[in-house]
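Chain by chain, the residues:
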Amino acid sequence: MTDHKDSLNLPTTTFPMKADLAKREPEMLRAWEAADIYGAIRKAKKGKPKFILADGPPYANGDIHIGHAVNKVLKDIVVKSRTLAGFDAPYVPGWDCHGLPIELQVEKKHGKAGQKLDARAFRQKCREYAAEQIDRQRTDFKRLGVLGDWAKPYRTMDFKYEADQLRAFARMIERGHLYKGLKPVHWCLDCASALAEAEVEYEDKQSPSIYVRYAVKDPAAFIARFTKERDFDATLPVSVAIWTTTPWTLPASRAVAVHPAFDYRLVQVDHDGRRELLLLAHDRVNETMNAIGVPKGGYHLVAQAEGAALDRVALAHPFYDLTLPIALGEHVTLEAGTGCVHTAPGHGHEDFVLGQIYGLEVANPVGPNGVFVASLPLFGGQFVFKANDAIVEHLRGLGRLLASEKLQHAYPHCWRHKTPVIFRATPQWFLSMDQADLRARALAEIPKVQWTPGWGEERIVGMIAGRPDWCISRQRTWGVPIPLFVHQETNALHPRTQELIEQVAVGVAREGVDHWFDLDAASLIGADAAQYDKVSDTLDVWFDSGCVHYCVLEQHPELGVPADLYLEGSDQHRGWFQSSLLTSVAVRGSAPYKGVLTHGFTVDAQGRKMSKSLGNVVAPQKVMETLGADVLRLWVAATDYSGEISVSDEILKRTAEAYRRIRNTLRFLLANLDGFDPQRDAVPIDDLIALDRWILEKSRRLQTELLGAYDRYEFHRVYHEVHNFCVVELGAFYLDVVKDRIYTTPRDSLARRSAQTALWHVAQAMTRWIAPVLSFTAEEVWALLPGAHPDEKGPTVFASEFHRFPEARAAQELDFDALLGVRAAVAREIERQRNDGLLGGSLEAEVDLYCDRVLAGKLAQFGDELRFALIVSRAAAHPLEQAPAGALIDGTLRLKVVASTAPKCTRCWHRRSDVGTIAAHPELCPRCVGNIDGPGETRRFA
């Protein structure tokens, strides 16, 4: 038997089947860096339309986790897809560097500022620690394949950033948004500092649940405001009943709030020796009576009044010699309690707002350490949470306590320390939401933004509409200062505030924040210094990062405002998205972004949060060391990020299998393009064989879908469509069919070059399709693609653009989509017969198809080439009425598959009756003889 292997065009490529990504990717990273691939992309895209994605800064503390990986990979996919779409899309990464977490890390090693280190030295250690963390995180982000200006990122601790932040702050002052006020803010007792809304999380906590009597000062006048419903004893003591879970706030109680529109009742209690009149909301009577231990029959509703009728009734404080009013508050609800709410303006936002209306004292007897001031009667010197029990017992002794029990409920905690926080009125600096229309202008900007997913718009509208003024001051050592001088008597800002902030900013740009903290006030304001206090507070770190639009986008020559996209996790509606919106509107009157994309959080396969105690943490570093970054990137792209993002070893294993399918498809394309020079060998599209024109049209249409999906940030659709294309149109049909033509026809024949031309276009397109996701693999393929596109190739796929398919003039004369269904039916029957031992492979089969006249006509057009399309040795189509009795029914199709008895050609493996009819080649079919010794066969269709 003659070996005809040398006469075949067998696939050849250096692109390995085994990806070995964990080893190969770091080598590619080093090559990218040496070649300055990011710089090459910038040069190639210079002058193109801009697309700006603003990087929300991760915090410079600790190694990156899987959530960081999701975020950075999504951003990278956006930037690379926009780059390939013809945009100049620079990516400037950044880090958030100030604030408490870094202070705590430095304190562990060096103690608090002012102990072993003075404040300046302490800040320097914070700066050094942040720089170390940035270097660690940057290494991992680069390892993910994220391209960006890693050599020149922005850092909120950069002197220029700090200086520009002060300039942004000055603009906000100039536009009338700043004020100083004594207002209740979330206060962390461990931080000894105010917290932003985004720094508060809710965890379960056990608290006292108590009902307390506030005695009415003038019972007769009070009762006169009611409509009598039944006879009652008007000489009984009268009290307003309140419910609270924070007894420690009662020393600061300055009113009791009722809703003006609610129905209130006087309830006569006559049970177990207790006789009194209590004020309760009608809808809360039964629940309250049950809570205080009064059974049905032990109380009666005796009089009615609307809340509005009770305005300014005088009450006695439950244990201090103070007179408190009843105040009308729309915030009162009927969900719990009594419908009468104890009000402490120094310990709650709604209480404070009501207090401003009624002129109530903003009492705050609690120090920054959570201890009552020594001068507070009865409870001075006690820690607030420990004082709860003492207050309850004192109320009991006075006969003011109606009931007491313990309650497990959600309570605000510091997100850093995981400890309960309190509301505490302190002098703080605020950005007002309303005094210069910040709220209204921000709400007007929100509908102009494209929110992805769409529910993000409603969410941030609700947050902006209902949020209190923004407390921007913090009592920290490591942070950007609030560079103000405040008059000691009038509390007015220095009249030259704008000029002074600019002078400070110049110094900060030169020396950093130490310039302000070391500054002698007299050097700036001269003799006036003795009349002014120099502010020592720092700005909220959410203010730091929220000013990226001003400090980075507006200052960087490659960037601009507004950004096309902000992209972060769904928690950032109350964090960075919101702080960026408010600071931008405060600075320039408009939103800093055209679009906002939100992704969910990572959970395990059972939907549980990542937790070391559960053992379900997936470390991105480990995934990259084993499966490679491209598999991790493919997992990110494959998941619908709009909800929770599931990850586990099993999920990643399945992703690796999908990656292998895509890689093997690319390997087949490259292997069969060996020796192909597109400029020399490419066949004009109108001269291509029909099947090759069909796959190009399929690819062109798919590319339109993929580009749309990239534009809509639907990366999971990109993954599914590409993977499906590899499996179905390519793997299960086109590539399977063209093997025969590529392998067996003469090297330079139209039949082979036509297929190679199609393969080359598909490879060019597919390399770009996958590049935003499988960046390392795409670059590996790019280096091996033969020849070049007529206009460019470039050192990196990311310097190119999505492939431009040639336009066909000739009509598509064959219906290959119809053929796909027929081929599937044939394949099923062949597989069945193989399992039964009747066939060894598809080329041993002969097929007769019986179908309706329309389909039969379509199939008949293929002539003898139908066998190549079905990958059998003989195939013919017949009218349905000619189907023999034993024909298999598959849908509307009938078919008969039998094992061929014809001899096998040892070169193409087809079984043909004419094998051996040419004496010189007794083992070959005439087709193969012509492909070896002659001009080669003619193919028109497949």
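Conventions and cut-offs
Residues numbered from 1 in each chain as written. Predicted model: local features only at pLDDT ≥ 70, side-chain atom pairs only at ≥ 80, totals over all residues. Heavy atoms only, no water. Pairing = 2+ DSSP bridges. Helix = DSSP H or I, 4+ residues; strand = E, 2+ residues; numbered from the N terminus. Axes fitted to C-alpha atoms, helices over the stretch in contact; angles between N-to-C directions. Contact = heavy atoms within 4.5 Å. Buried < 20%, exposed > 50% of the residue type's maximum accessible area, 1.4 Å probe, protein only. Polar contact = N/O pair within 3.5 Å; in protein donor to acceptor, adjacent residues only side chain to side chain.

Asks: Looking at this structure, I do not really get the sheet that holds strand β30 (residues 888-890). What am I missing?
Replies: Sheet strands associate in pairs through backbone hydrogen bonding, adopting either a parallel or an antiparallel arrangement. Strand order across the open sheet formed by four strands is β29-β28-β31-β30, with mixed pairing between neighbours. Among the strands making up the open sheet, the edge pair consists of β29 (874-879) and β30. With direction set aside, neighbouring strand axes in the sheet form an average angle of 25°. Relative to strand β31 (residues 893-899), strand β28 (residues 845-851) is paired through six bridges, and the arrangement is antiparallel. Along β31, the bridge assignment pairs Ala845 with Ala899. Helix-sheet contacts for helix α27 (residues 816-835) involve β28, β30 and β31, and the interaxial angle to β31 is about 40°.

Asks: In this structure, what is going on with the environment of Phe601? I would like to understand it.
Replies: Secondary-structure assignment places Phe601 in the loop between β25 (595-599) and β26 (602-603). Among the residues examined, Phe601 registers a relative accessible area of 45% and is labelled partly exposed. Taking the C-alpha atoms as reference points, Phe601 and Ser570, 31 residues apart in sequence, are found 7.7 Å from one another. Beyond its immediate stretch of four places on either side in the chain, Phe601 contacts Ser570, Asp571, Gly643, Glu644 and Ile645.

Asks: Looking at this structure, how should I read the side chain of Ser873?
Replies: Examined against the element boundaries, Ser873 turns out to sit in the loop between α29 (866-870) and β29. Among the residues examined, Ser873 registers a relative accessible area of 0% and is labelled buried. Within polar-contact distance, the side chain of Ser873 engages the backbone nitrogen of Arg911 at 2.8 Å. The contacts of Ser873, once residues within four sequence positions are left out, are Ser842, Leu843, Ala845, Arg867, His910, Arg911 and Arg912.

Asks: Before we go on, may I ask you to explain unusual backbone geometry in this structure?
Replies: Leaving glycine out, the prevailing phi sign among residues is negative, and the prevailing peptide bond configuration is trans. Along the chain, Thr452 connects to Pro453 via a cis peptide bond; the corresponding omega equals -5°. For the bond from Val561 to Pro562, the omega torsion is 0°, close enough to zero to count as cis. With respect to the helices, strands and loops of the structure, Pro562 is situated in the loop between α17 (548-553) and β24 (565-569). Positive phi, close to 75°, is recorded for Leu378, a residue that is not glycine. Checked against the element boundaries, Leu378 lands in the loop between α9 (349-358) and α10 (384-398). Since its relative accessible area comes to 48%, Leu378 is described here as partly exposed. Although it is not a glycine, Asn491 adopts a positive phi angle of roughly 60°. Counting through the fold element by element, Asn491 comes out in the loop between β21 (485-487) and α13 (497-511).

Asks: Which parts of the structure should I look at to understand the pairing of strand β14 (residues 323-328)?
Replies: Put simply, side chains in a regular strand alternate between the two faces of the sheet. Of the strand pairs in this sheet, strand β9 (residues 255-258) and β14 are connected by three bridges, and their pairing is parallel. Note on β14: the bridge partner recorded for Val256 is Ile326. Bridging between strand β13 (residues 314-316) and β14 involves three bridges; their strand directions are antiparallel. Bridge pairing in β14 links Ala316 to Thr323. Counted along the chain from β13 to the antiparallel partner β14, the turn is six residues long.

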